[in-house]
Structure formats: structure tokens, C-alpha cells
Amino acid sequence: MYSIQCTSDIKPLFANTKRWDAFSGGVPFRQVAWLEPWWDEFQGKHEAYILVATNQSGALCGLLPLYRKASSPQTLCGMGDNNACTDFVSILAAPAEASRVCDAIADFLIENAHSGDFGWDFIEIDGVSDSDPIMHRFSSRLKREGAIVEAQSRMHSWFLQSCGSWDALLKNLSKRSRRKINSYLDRFESNDQLEIRMASSEREVDEFTEALIELHQRRWNEAGQRGTYADQCFRKFIFRVAKQMFREGRLYLPVLRFNGAIIGAELGFISGDKKLYIYSSGYDLDHAELEPGRILNTQTLKFVHEHELFGIEFMRGDEEYKQRSGAKPTRVLQMLVVAPRWWAKIYHTVWLANFELKQWVRRRIGREPVCVVEMAITT
């Protein structure tokens, strides 16, 4: 049996970093190093809505970090959403207790949907992995108790499993792929003007992060788009995360220099589940002939095998290079939960009509419709 409490006082929970992170499954985007800077930068007028599961002895057994939007209707959102594109959002609990904690949290939400203190009309959670059985169970439990759950997907995350060693990888590749990888390695090693450097001090973390942001922004701006890092709060958030990950020995931040100037950079995090999560990258279009992106990607692949990591998680986005690398896709889901309340269901009817109109428009203009996903307990 678990007791569920809802609290808006998140600081004591963040302060107990070791206990919080023990429930993360090693995923960096569920951990304090990611969520605390996010909350500090994006809290605004929103209120934390953290569901805390404890056992009969009062010991912490699980968490679901949400926040209540400072707007109407009453909407709860997954912590880490919006521009941060936080993936692998889930209920946090030890594997042996996760199913029961999940059921207890779902029951609490249903029982308190109408309450004055903890009531809600909608729950919006972005960044759920379609391969997460606990979130499928969460959906099933909510639906069984009268809520409506909609799930849709616009893109995938991509995971490339390592082959155990660099030699094993090369042996498993086709001749064509092996030639390509060796050509990028040879191009780098034979050019004295090229240098790869990993951030090894907080000063370099700042310098390399700034370079990555500028390269990333320039690429998007030249395509006529604003770019994620145009948001100053988001910049501050990323700088804080990068420094914290560096202090914990989990930051992956290599840059590629040409004649001393940075022409490519990648930002990633090494997780407790022995994966390398590649979160962001930037490349100088003025040096496209050097293919800095492919040189860095090849070096990243080598790094993962030399350090005996389980693989590379390329995160959300369906860029061609991810599929070309041999990575396997998993749908990234956006969940919408509608409370078992008449007002929320009327509002949802309007939302659904608008969604179907957008789907029709997408088909008319030749765009792929958003994939609607039926979430249920997987077997």
C-alpha cells in the first residue's frame, strides 16, 4: 500500500538529489541536474504539483513531477516540457515498485479531480516513450477510472546499440559503411588543421556551449527560423545543466576546431544506464566541405565503443542521418488526459473537432497526419 501526497514545495525533494535520482532509471532527463535548472528558469507563475508516493513506513517510493499552469482551464503539465524537449518522461520509482506506485498515483488523480486543492481538468505530458510500459499502465488505469486519454506522435527517438567494441562494429558493417567511417577518420587524422577537444574545465564548458549555441542558431536563422536558443531563459538553463553534468562527470561536449576556430560541437550526457544521450549539436555551414558533422558523429561512435557504453540515444527528431546510422526508432508521445468532469469533456469535444480539422488540412496539403496512438498496458 502506498500513500500519495501532493506538494508544491519542490526544494526539499530536489535537495535529496541522491534519493530522487535513484528512481530515474539512470535517465538524465528525469534527474535533478536537469529538472531543477528547468524549474528555476521556467517556473514563472506556475505552481509545482509533485505527487509523492510513500510506503507504510513513510519512506519515499516514487514521484511524478508535474506543475499546474497559471491559466484556465486547470491544466497539469509534465515538468521539463516546452522548448526543453525533455524525452523519456515517466513516473519515477524503483522497477520492483513502479507498477503499484503508478496505480496509486493514477487513483489519487482520479479521486482528486474535483477537489478544491488538487483538482484538474487536463493533464498534458510530452516526451513519453512509446516503449515505456509504466506510462502505458498509467494511461490504462486512468481510462479504467473514467478519464479520457489521447496520445499522438509526430516524431521518434532513435537508439543505436553498440557492438561491444570498435573492432566488432567495423566487422559488422557493410564494406560501403566501413569505407565511409574510415574515410572520416582518415580525413580528420591526416589534416593537421583539424582538432577535436573535449571540455575539461568549467571555463571550457562555457566556451564550448556558447560556440555550440551560436552554430546551432546560425543554421536555423539562415533557414528563416528563430531557433530554440533565441530564448534567453533556455540558454541559461542549458549552461546550468552543462556545468552540473560536468561536475558530476557525465558531460559529453566535444568540439571540432579548424585552424583554431570551432566549426562543430555536440552536447550530450552519459547516463547511469550506460547510454550516451546526444541532446544538441551545431556545425559551421561555411566549412561544409569538411563535413564537420560526420567527423564528429564518427568520433562519437568511436567514443561509445571505446568506453564500453550500451549505445547512443539520438533523442527526438527524424533527421535522415539517424536512420542512416542504423539507429532504431521509437515513437515519442504527447499525452492528453481529460478529467472525468462534464466541463472537461465538453472542452475536449471542441479540442477533438479542431484536431480532426488539422488532420484533414495536413492530408490536403500533402503532409503526414499526426499519428494517433492507443495507449494500453503492453504485454
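Read on for an overview of the structure. (Residues numbered from 1 in each chain as written. Predicted model: local features only at pLDDT ≥ 70, side-chain atom pairs only at ≥ 80, totals over all residues. Heavy atoms only, no water.)

**What to know about the overall build of the protein**
Here comes step 1: The helix and strand inventory of the protein stands at 12 helices and 15 strands.
Here comes step 2: Considering only C-alpha atoms, the protein reaches an extent of 65 × 55 × 40 Å along its principal axes.
Here comes step 3: Here the protein holds 379 residues, and the buried ones make up 52% of them.
Here comes step 4: At a minimum sequence separation of 6, the contacts of the protein that also span at least 24 residues come to 73%.
Here comes step 5: Of the roughly 18200 Å² of accessible surface on the protein, 49% is carried by carbon and sulfur atoms.
Here comes step 6: Taken as two groups, the 48 positive and 49 negative side-chain charges of the protein have centres that lie 4 Å from each other. (Helix = DSSP H or I, 4+ residues; strand = E, 2+ residues; numbered from the N terminus. Buried < 20%, exposed > 50% of the residue type's maximum accessible area, 1.4 Å probe, protein only. Contact = heavy atoms within 4.5 Å. Areas by Shrake-Rupley, 256 points an atom, 1.4 Å probe, with all protein chains shown as cover. Lys, Arg positive; Asp, Glu negative; His and termini not counted. Charge placed at Lys NZ, Arg CZ, Asp CG, Glu CD.)

**Side note on a positive patch on the surface**
Here comes step 1: Taken together, the side chains of Lys175, Arg176, Arg179 and Lys180 make up a positively charged region of the molecular surface.
Here comes step 2: By the element assignment, Lys180 lies in helix H7 (residues 175-189).
Here comes step 3: What makes Lys180 partly exposed here is its relative accessible area of 33%. (Patch = residues over 30% accessible without salt bridge, like charges linked within 9 Å, V, L, I, M, F, W, Y side chains within 5 Å. Salt bridge = Lys/Arg side-chain N within 4 Å of Asp/Glu carboxyl O.)

**A short note on the packing of H7 against helix H10 (residues 292-306)**
What describes two packed helices is the angle between their axes and the distance between those same axes.
Here comes step 1: As a packed pair, H7 and H10 sit with axes 9 Å apart at the nearest point and diverge in direction by 105°. As the angle between them shows, H7 and H10 are arranged roughly perpendicular. Each of Ile181, Tyr184, Leu185, Arg187, Phe188 and Glu189 in H7 lies in contact with H10, whose residues at this interface are Arg294, Ile295, Thr298, Gln299, Leu301 and Lys302.
Here comes step 2: Its residues assigned to classes, the contact of H7 with H10 shows 6 nonpolar, 2 polar and 4 charged. (Axes fitted to C-alpha atoms, helices over the stretch in contact; angles between N-to-C directions. Parallel < 35°, antiparallel > 145°, perpendicular 65-115°, else oblique. Nonpolar A, V, L, I, M, F, W, Y, C, P; charged D, E, K, R; others polar.)

**Brief notes about helix H12 (residues 342-364)**
Counting along an α-helix, one turn takes 3.6 residues, and residues three or four places apart therefore face a common direction.
Here comes step 1: For H12, built from 23 residues, the straight-helix expectation of 33 Å at 1.5 Å per residue is met to within 8% by its first-to-last C-alpha distance of 33 Å.
Here comes step 2: Those residues of H12 that are buried are in contact with strand S6 (122-129), strand S7 (148-161), strand S14 (328-338) and strand S15 (371-372).
Here comes step 3: One or two positions beyond H12, positive phi appears at Gly366, with a value near 85°. (Expected span 1.5 Å × (residues − 1).)

**Some points on the nonpolar core**
Soluble globular proteins tend to pack their nonpolar side chains together in the buried interior.
Here comes step 1: If you look at the biggest cluster of nonpolar residues, it comprises 50 residues, and the most contacted ones within it are Trp34, Leu63, Met79, Phe237, Phe269 and Tyr279.
Here comes step 2: Mapped by element, the contributors of at least two residues to this core are helix H1 (11-15), helix H3 (32-42), strand S2 (47-54), strand S3 (60-68), helix H8 (202-222), helix H9 (232-247), strand S11 (261-270) and strand S12 (275-283).
Here comes step 3: Setting aside chain neighbours within four positions, we find Tyr279 in contact with Phe29, Trp34, Asn83, Ala84, Cys85, Tyr229, Phe234, Ile238, Leu267, Gly268, Phe269 and Met315.
Here comes step 4: Listed in part, the 44 residues of the second largest apolar core include Cys61, Leu66, Ile91 and Ala104. (Core = buried A, V, L, I, M, F, W, Y, C linked by side-chain atoms within 4.5 Å.)

**As for the layout of surface pockets**
Here comes step 1: Taken as a whole, the largest pocket encloses approximately 1100 Å³ of empty space.
Here comes step 2: Those elements that place two or more of their residues in the lining of the largest pocket are H8, S12, H10, strand S13 (311-316) and helix H11 (320-324).
Here comes step 3: Among the elements that take part in the lining of the largest pocket, S12 stands out by supplying 6 residues, more than any other.
Here comes step 4: Of the residues contributing to the lining of the largest pocket, the split by class is 15 nonpolar, 10 polar and 9 charged. (1 Å grid on protein atoms, 1.4 Å probe; cavity = no way out; pocket = protein on both sides within 12 Å on 5 of 7 lines; lining within 4 Å. Points joined across faces, edges and corners; volume = space filled by probe spheres on them.)

**Observations regarding the packing of helix H4 (residues 98-111) against helix H5 (residues 133-144)**
Here comes step 1: One way to put it is that H4 packs onto H5 with a least axis distance of 9 Å and a crossing angle of 35°. The crossing of H4 and H5 is right-handed. Contacts between H4 and H5 involve Ala98, Ser99, Cys102, Asp103, Ile105, Ala106, Asp107, Leu109 and Ile110 on the former and, on the latter, Ile134, Arg137, Phe138, Arg141 and Leu142.
Here comes step 2: Of the residues contributing to the contact of H4 with H5, the split by class is 9 nonpolar, 1 polar and 4 charged. (Left-handed = near helix turned anticlockwise from the far one by under 90°.)

**A short note on the pattern of salt bridges**
Here comes step 1: Applying the stated criterion to the full structure yields 30 salt bridges.
Here comes step 2: Between Arg144 and Glu145 there is a salt bridge, with its nearest N and O atoms 3.1 Å apart.
Here comes step 3: Given a relative accessible area of 56%, Arg144 falls into the exposed group.
Here comes step 4: Owing to a relative accessible area of 33%, Glu145 belongs among the partly exposed residues under this scheme.
Here comes step 5: We note a salt bridge from Glu204 to Arg197, for which the minimum N-O separation is 2.5 Å.
Here comes step 6: Sharing partners across several salt bridges, the network here consists of Asp40, Glu41, Lys236 and Arg240.

**Re the state of the cysteines**
Here comes step 1: According to the stated counting rule, one finds 0 disulfides in the structure shown.
Here comes step 2: We note that Cys61 lacks a disulfide partner, and the nearest cysteine sulfur, in Cys102, lies 14 Å from it.
Here comes step 3: Not part of a disulfide, Cys233 finds its nearest cysteine sulfur in Cys85, a span of 16 Å. (Disulfide = S-S within 2.5 Å.)

**Re the packing of aromatic side chains**
Here comes step 1: Tallied over the full model, the rule gives 21 aromatic pairs.
Here comes step 2: Judged by centre distance (5.1 Å) and plane angle (45°), the ring pair of Phe14 and Trp20 falls under tilted. In this pair, the class of Phe14 matches that of Trp20, namely buried.
Here comes step 3: Judged by centre distance (5.9 Å) and plane angle (50°), the ring pair of Phe108 and Phe118 falls under tilted. One end of the pair, Phe108, is in helix H4; the other, Phe118, is in the loop between H4 and S6, and 10 residues separate them in sequence.
Here comes step 4: Lying over the aromatic face of Phe159, Lys275 brings its terminal NZ or CZ to 4.9 Å of the ring centre. (Phe/Tyr/Trp six-rings, centres within 6.5 Å; stacked < 30°, edge-to-face > 60°. Lys NZ or Arg CZ within 6 Å of the ring centre and 35° of its normal.)

**Topic: the environment of Ile312**
Here comes step 1: Within the element layout of this structure, Ile312 appears in strand S13.
Here comes step 2: Along the chain, Ile312 and Ala327 lie 15 residues apart, while their C-alpha atoms are 8.4 Å from each other.
Here comes step 3: Those residues in contact with Ile312 that sit more than four places away from it in its chain are Trp158, Phe159, Leu160, Leu276, Ile278, Thr300, Leu301 and Val304.

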